[in-house]
Structures are given as structure tokens and as C-alpha cells.
Amino acid sequence: MSLMVLIDAIGLDLFLLLIEVQIVAVSGYYFQVWFKPILIPYYKILRKVDPYFFIPTKNSVAKYPMILCHAVPFLMLFIIGITVAKPAINMA
């Protein structure tokens, strides 16, 4: 009953915003503590295999949005391979 009084007092939108902030904070913590240490070795392996792979910063994405293509593994190698190695099609 007291929760309903709180929701009625502050409004449903603000209550949902408070819940969302808690979810974002907890998921950010778990990402930094659990998932990031697991993903760092994979990131280092991908950097060795794919020379065009890197994760751009927020500022560089704001200036150049197309730089996000580098964050997808092997995408730049695929694009370069398609543009450089055009197959010769013989229609005869």
C-alpha cells in the first residue's frame, strides 16, 4: 500500500525512470566486473588477426559515424576484399 502512495505521489514516469537507472547501474557494474575481463582476451586475439578491428571512442563516433564499421570483426577485410578483388565474369 505504501508503494502505491509513493507511485501516486511522484508519478509513474518518474518511478519507472528510477527503476531504469537502477537497472543501468547494476548492469554497468556487472559488465565492468564480470564480462569485460572475460572479453578482453578475445579482443586482443581479434586485434592480432584483423588489423582493421578496433573499438572507437564515443568522441570519434560522434565526429565520424562510419568508423563503427571497424568495430565489427572482419567487416573491413570483407569490404576491402570485395572492392579490390572484383571477379571477371565471362558471359560468352
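Going by the structure above, here's the rest.
Residues numbered from 1 in each chain as written. Predicted model: local features only at pLDDT ≥ 70, side-chain atom pairs only at ≥ 80, totals over all residues. Heavy atoms only, no water.

J.: Before we move on, could you go through the overall build of the protein chain and cite the residues and values that matter?
T.: Of the regular secondary structure elements, the protein chain holds 4 helices and 0 strands. Walking the protein chain from its N terminus toward its C terminus, one meets helices and strands in the order α-α-α-α. Its C-alpha atoms give the protein chain a radius of gyration of 23 Å, clearly above 12 Å, the size a compact globule of 92 residues would have. Along the three orthogonal principal directions, the C-alpha set of the protein chain runs to about 80 × 35 × 25 Å. Looking at the protein chain residue by residue over its 92 residues, the buried ones come to 11%. By element, 73% of the accessible surface of the protein chain is carried by carbon and sulfur atoms, the whole surface being about 8200 Å². Each charge class in the protein chain can be summarised by its mean position, and for the 7 positive and 4 negative side chains these summaries are 27 Å apart. (Helix = DSSP H or I, 4+ residues; strand = E, 2+ residues; numbered from the N terminus. Rg over C-alpha atoms; globule rule 2.2 N^0.38 Å. Buried < 20%, exposed > 50% of the residue type's maximum accessible area, 1.4 Å probe, protein only. Areas by Shrake-Rupley, 256 points an atom, 1.4 Å probe, with all protein chains shown as cover. Lys, Arg positive; Asp, Glu negative; His and termini not counted. Charge placed at Lys NZ, Arg CZ, Asp CG, Glu CD.)

J.: Tell me what's going on with unusual backbone geometry, and back it up with residues and numbers.
T.: For Phe 74, which is not glycine, the phi torsion reads 65° and is therefore positive. Summarising the element assignment, Phe 74 is placed in the loop between α3 (58–63) and α4 (75–84). The partly exposed category is assigned to Phe 74, whose relative accessible area is 40%.

J.: Tell me about the layout of surface pockets, and name the residues and values.
T.: Its boundaries defined by the atoms lining it, the largest pocket holds a volume of some 190 Å³. Taken together, Phe 31, Lys 36, Leu 39, Ile 40, Tyr 42, Tyr 43, Leu 46, Phe 53 and Ile 55 make up the lining of the largest pocket. The residue inventory of the lining of the largest pocket, partitioned by class, reads 8 nonpolar, no polar and 1 charged. (1 Å grid on protein atoms, 1.4 Å probe; cavity = no way out; pocket = protein on both sides within 12 Å on 5 of 7 lines; lining within 4 Å. Points joined across faces, edges and corners; volume = space filled by probe spheres on them. Nonpolar A, V, L, I, M, F, W, Y, C, P; charged D, E, K, R; others polar.)

J.: Give a description of the side chain of His 70 that names residues and reports values.
T.: Structurally, His 70 is set in the loop between α3 and α4. Assessed through its relative accessible area of 18%, His 70 is described here as buried. Filtering out sequence-adjacent residues up to four positions away, His 70 remains in contact with Tyr 52, Phe 53, Phe 54 and Met 76. (Contact = heavy atoms within 4.5 Å.)

J.: Explain the packing of aromatic side chains residue by residue, including any values.
T.: One pass over the full model with this rule turns up 3 aromatic pairs. Look at Tyr 30 and Trp 34: their rings are 4.8 Å apart centre to centre, the planes differ by 40°, and that puts the pair in the tilted class. Of this pair, Tyr 30 and Trp 34 are both found in helix α2 (residues 12–49), 4 residues apart, which corresponds to roughly one turn of the helix. Of the residues examined, Tyr 30 reaches a relative accessible area of 34% and is grouped as partly exposed. Pairwise contacts between aromatic rings join Tyr 29, Tyr 30 and Trp 34 into one cluster. (Phe/Tyr/Trp six-rings, centres within 6.5 Å; stacked < 30°, edge-to-face > 60°.)

J.: Tell me about the side chain of Asp 50, and name the residues and values.
T.: Mapping Asp 50 onto the fold places it in the loop between α2 and α3. Here Asp 50 sits buried without a salt bridge, and the closest side chain of opposite charge, Arg 47, lies 9.2 Å off (N-O distance). Looking at Asp 50, its side chain comes within polar contact range of the main-chain nitrogen of Phe 74, at 2.8 Å. (Salt bridge = Lys/Arg side-chain N within 4 Å of Asp/Glu carboxyl O. Polar contact = N/O pair within 3.5 Å; in protein donor to acceptor, adjacent residues only side chain to side chain.)

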